[in-house]
Amino acid sequence: GNLKISFASFLIFEFCVGIYFPSVGIVKSQVVPEKFRASIYNLYRVPLNAVVVGLLLTNMKMVKVYQMCSLLLSIALVSICAIMSTSTRGPCDPNTVKNV
C-alpha cells in the first residue's frame, strides 16, 4: 500500500524533473545572452546547491522533502511562464533580449 504510493510519487516526481531541466535549458538559451551565459548559469547553481545541502543537513521526513521539491518546481514553472509571457514578440526574436 504505502510503498506503492511512495514509488508512484517518486516516478511522477522524476518525470517532472526530467521535463523541467530540458525545458529550463531551452528557455535559458533563448533569454540569456551568449556572452553572459556561463556567468549567469554559474549563479543559478549557487541557490540550487544551497537547497540540496540544506535538505541533506536536516532530518526532514520524506513527505516534507517531496513537498519542498514540488513547491520549488512549482515556483520554477510560474517563473518560466512569467518570463515567457513578458515578451510580446516571442522568445526567439533577437530584439527580445537586450544586451547589458
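Here is what the cut-offs are and how they apply
- Residues numbered from 1 in each chain as written.
- Predicted model: local features only at pLDDT ≥ 70, side-chain atom pairs only at ≥ 80, totals over all residues.
- Heavy atoms only, no water.
- Helix = DSSP H or I, 4+ residues; strand = E, 2+ residues; numbered from the N terminus.
- Contact = heavy atoms within 4.5 Å.
- Salt bridge = Lys/Arg side-chain N within 4 Å of Asp/Glu carboxyl O.
- Buried < 20%, exposed > 50% of the residue type's maximum accessible area, 1.4 Å probe, protein only.
- Core = buried A, V, L, I, M, F, W, Y, C linked by side-chain atoms within 4.5 Å.
- Phe/Tyr/Trp six-rings, centres within 6.5 Å; stacked < 30°, edge-to-face > 60°.
- Expected span 1.5 Å × (residues − 1).
- pLDDT = per-residue confidence, 0-100.

**Student:** Run through the side chain of Arg37, naming residues and quoting values.
**Tutor:** In this structure, Arg37 sits in helix 2 (residues 37-57). Arg37 has contacts with Ser29 and Val32, leaving out every residue within four places of it along the chain.

**Student:** Residue-level account of the pattern of salt bridges, with values.
**Tutor:** All told, the structure shown has one salt bridge when counted by the stated rule. For Glu34, the salt bridge is made with Arg37, and the minimal N-O distance between the two is 2.9 Å. Residue classification places Glu34 among the exposed residues on the basis of a relative accessible area of 59%. Using a relative accessible area of 18% as the deciding quantity, one classes Arg37 as buried.

**Student:** Any details on the nonpolar core? Residues and values, ideally.
**Tutor:** Counting five residues, the largest nonpolar core consists of Phe13, Val17, Leu55, Val65 and Cys69. Put simply, the parts of the chain that give this core at least two residues each are helix 1 (2-31) and helix 3 (62-85). When residues no more than four places from it in sequence are discounted, the contact partners of Phe13 are Tyr66, Cys69 and Leu73.

**Student:** Requested: an account of the packing of aromatic side chains, with residues and values cited.
**Tutor:** All told, the structure shown has two aromatic pairs when counted by the stated rule. Taking the centre distance of 5.8 Å and the plane angle of 75° together, the rings of Phe13 and Tyr66 count as edge-to-face. With Phe13 in helix 1 and Tyr66 in helix 3, this residue pair connects regions lying 53 residues apart in the sequence. What makes Phe13 buried here is its relative accessible area of 17%. The exposure class of Tyr66 is partly exposed, given its relative accessible area of 27%. Taking the centre distance of 4.9 Å and the plane angle of 75° together, the rings of Tyr20 and Phe21 count as edge-to-face. Classification of Phe21 as partly exposed rests on a relative accessible area of 48%.

**Student:** Requested: an account of helix 3, with residues and values cited.
**Tutor:** Along its 24 residues, helix 3 runs 34 Å from first to last C-alpha, staying within 8% of the 34 Å computed at 1.5 Å per residue. Three or more residues of helix 3 are buried, namely Val65, Cys69, Ala76 and Ile80. For helix 3, the secondary structure elements touched by its buried residues are helix 1 and helix 2.

**Student:** Could you give an account of the environment of Met60, naming the residues involved and the relevant values?
**Tutor:** When you line up the elements, Met60 lands in the loop between helix 2 and helix 3. Judged by relative accessible area, which is 30%, Met60 ranks as partly exposed.

**Student:** Go over the confidence of the model for the protein chain, please, and point to the residues and values.
**Tutor:** Per-residue confidence for the protein chain averages 81 on the pLDDT scale, and 86% of its residues sit at or above 70. Mean pLDDT values over the elements of the protein chain span from 84, in helix 2, up to 88, in helix 1.

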